[in-house]
Amino acid sequence: MSKSIAVIGSGFSSLAAACYLAQSGNTVEVFEKNDSLGGRARRFKEQGFTFDMGPSWYWMPDVFERFFADFGKKPSDYYELDKLDPGYQVVFEGGETIEIGDSLDKIYKIFDKEEENGAKKLKKFIDNARKNYDIAIKDLVYKPGVSPLELVTPKTVTKLGEFFSTVDKDVEKEFKNEKLKQILKFPVLFLGAKPSETPSFYNFMNYADFGLGTWHPKGGFHEVIAAMVKLAESLGVKINTNANIDKIIVEDKTAKALEVNGELKNFDTILSGADYHHTETLLDKKHRQYSEEYWSKKVFAPSSLLFYIGFDRKLDNVKHHNLFFDVDFNEHAKDIYTTPKWPKEPLFYANFTSKTDPSTAPEGHENGFFLVPIAPGIEDTEELREEYFNKIMTRFESLTEQKVQKNIIFKKSFCVNDFVEDYNSYKGNAYGMANTLLQTAFLRPKLKSKKVKNLFFTGQLTVPGPGVPPALISGKLVSELIEKN
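What counts and how
- Residues numbered from 1 in each chain as written.
- Predicted model: local features only at pLDDT ≥ 70, side-chain atom pairs only at ≥ 80, totals over all residues.
- Heavy atoms only, no water.
- Salt bridge = Lys/Arg side-chain N within 4 Å of Asp/Glu carboxyl O.
- Helix = DSSP H or I, 4+ residues; strand = E, 2+ residues; numbered from the N terminus.
- Buried < 20%, exposed > 50% of the residue type's maximum accessible area, 1.4 Å probe, protein only.
- Polar contact = N/O pair within 3.5 Å; in protein donor to acceptor, adjacent residues only side chain to side chain.
- Contact = heavy atoms within 4.5 Å.
- Phe/Tyr/Trp six-rings, centres within 6.5 Å; stacked < 30°, edge-to-face > 60°.
- Pairing = 2+ DSSP bridges.
- Axes fitted to C-alpha atoms, helices over the stretch in contact; angles between N-to-C directions.
- Right-handed = clockwise from strand over helix to strand, strands pointing away.
- Parallel < 35°, antiparallel > 145°, perpendicular 65-115°, else oblique.
- Left-handed = near helix turned anticlockwise from the far one by under 90°.
- Nonpolar A, V, L, I, M, F, W, Y, C, P; charged D, E, K, R; others polar.

Caption draft 1: Seen up close, the pattern of salt bridges. For the structure shown, the criterion picks out 35 salt bridges. With a closest N to O distance of 3.9 Å, E382 and R385 form a salt bridge. Taken as a pair, E382 and R385 lie in helix α13 (residues 382–400) at a separation of three residues, close to a single helical turn. R385 gets classed as buried once you look at its relative accessible area, which sits at 6%. Each of D168, E172, E178, K181 and K185 takes part in a single network of salt bridges with overlapping partners.

Caption draft 2: Expanded view of the side chain of N26. One can find N26 in the loop between α1 (12–23) and β2 (27–31). Its relative accessible area of 7% is what places N26 among the buried residues. There is a polar contact of 2.9 Å between the side chain of N26 and the backbone oxygen of L21. Engagement of the side chain of N26 in a polar contact is seen with the side chain of E483, the distance being 2.7 Å. For N26, the residues in contact, after removing those within four places along its chain, are M1, S2, K3, I5, L21 and E483.

Caption draft 3: Focus on the packing of aromatic side chains. Per the stated rule, a full pass over the model turns up 56 aromatic pairs. An angle of 75° between the planes, with centres 5.0 Å apart, marks the rings of F67 and F68 as edge-to-face. Both residues of the pair, F67 and F68, belong to the buried class.

Caption draft 4: Main features of the environment of E379. The topology assignment puts E379 in the loop between β17 (366–374) and α13. Between the alpha carbons of E379 and L481 there is a distance of 39 Å; along the sequence they are 102 residues apart. In this structure, E379 is in contact with W342 and L384, ignoring residues within four places of it in sequence.

Caption draft 5: Looking closely at the sheet that holds strand β10 (residues 245–251). One open sheet accounts for three strands, arranged β10-β11-β12; its pairing is antiparallel. If you trace the sheet from one side to the other, it starts and ends with β10 and β12 (263–266), each paired once. The sheet shows a mean angle of 30° between the axes of neighbouring strands, direction not considered. Strand direction decides the pairing type here: strand β11 (residues 254–260) and β12, joined by four bridges, are antiparallel. Pairing of E259 across the sheet is with L264, part of β12.

Caption draft 6: Region of interest: the pairing of strand β1 (residues 4–8). Counting buried positions along β1 gives four out of five residues, so the element sits mostly inside the fold. As for the winding sense of the linkage, the β-α-β connection from β1 through α1 to β2 is right-handed. Where β1 and strand β13 (residues 269–272) come together, four bridges link them in parallel fashion. Following the sheet pairing, I8 is matched in β13 by S272.

Caption draft 7: The packing of helix α2 (residues 61–69) against helix α15 (residues 468–484), seen in detail. It is the contact of α2 with α15, at a shortest axis distance of 9 Å, that shows an interaxial angle of 25°. Accordingly, the angle class assigned to the pair α2 and α15 is roughly parallel. Considering only the axes of α2 and α15, their crossing is left-handed. Contact residues: α2 offers V63, F64 and F67, while α15 offers V468, P469, L472 and I473. Classifying every residue of the contact of α2 with α15 gives seven nonpolar, no polar and no charged.

Caption draft 8: Representation of the environment of S449 within the structure. Assignment of secondary structure puts S449 in the loop between α14 (416–423) and β19 (455–457). C-alpha of S449 to C-alpha of E280: the two residues are 169 residues apart in sequence and 9.9 Å apart in space. Apart from residues lying up to four places away in sequence, S449 is in contact with Q289, L455 and F457. A distance of 3.2 Å separates the side chain of S449 from the backbone nitrogen of K451, its partner in a polar contact.

As structure tokens, this is what we get:
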């Protein structure tokens, strides 16, 4: 039976769910508080530069293909993908670099060059990561997190030990070269936790990295959002911007309506892809599933200090994606997770889409996106932002052997306060809730409210976890749960 369904937010999980629910014959309406769509994957244009505001790594292309295939479509029906070579480069102390090529053969050669029997060790590591990837994608991540029994399959039983060891231990056991170890530990940061807190099973992210490669949607990552919006509207979804949700109306323990910009709108079902903690503050206290104490004890993924920069020249010695690992990886991780504070010497990431996609900057110019991972909930001031901008740019100039600050013609920052203001993000986190052992699958906040009938949740604080591909999957899972209920 057709239902009227409200979807709060327009990020990946919300738009995915809206598409599935509309395909099933429901009347679906999306409400986005900001003036542009995409949630953390919004974009903006300034002085001829195009900036993706959030996600920039297009990994796990099979998940995107599976999403569009559910509607008889392909990604290529909407946007063009380029496989990057190198996928990214890592810059170490002294400016030494290692490039991660677009094939396993190229990467094996790098590992052999850096460590005795490096290729042999990596082949063993990646073979296990590939098996885990197949199990994760086929058996685990498309499960709704309703029961612990979802984790029990003939394949996962053989992998039980990998949920109780960690990625950090596995890498340290197999490899000696410090640079290679940092490269292998890097992908799990997308899951929002330290490698020492991430179960070994999640080494499948290394296969996503090395095995499947790093891609770029021509025009920028927001092209994926634009594709999903086009698909949603073709299915009859109505999408509203500048539509702030003031309250979720509950009667007889059933979600009945939304108060949108002061106006009451009735629906049969309400689905929120907005921040889970924030969504529950839209309910009267008696209808909330999780207390403030519950949220305060959870391990959240980092926040970020972001800079969007326009340069009036082409830059040297940089690739599309660049990781600056010239300082202590573990010390920075402690400053995020153990004793939350601004890092003394931060690692940082920079991408320049204009290196491979000229459409994202004026001719002869470069667009830069710089990211410093930081602890959620810490102090955020303009003075601190500027202090850290100077820290990373001084190092950037030294490591890439060029003076670029004089070539900056546009600069915009985004940090903890903005994540709270724009996305109602809990403590200003950027990536959601970390995928630690005790925050995996059925141990994450539920897709379906246990206190309010016809109220559902999706996104990176629920199942299956942080990241763009998991967000697409989350939208599918919750749509199936809504149809089932």
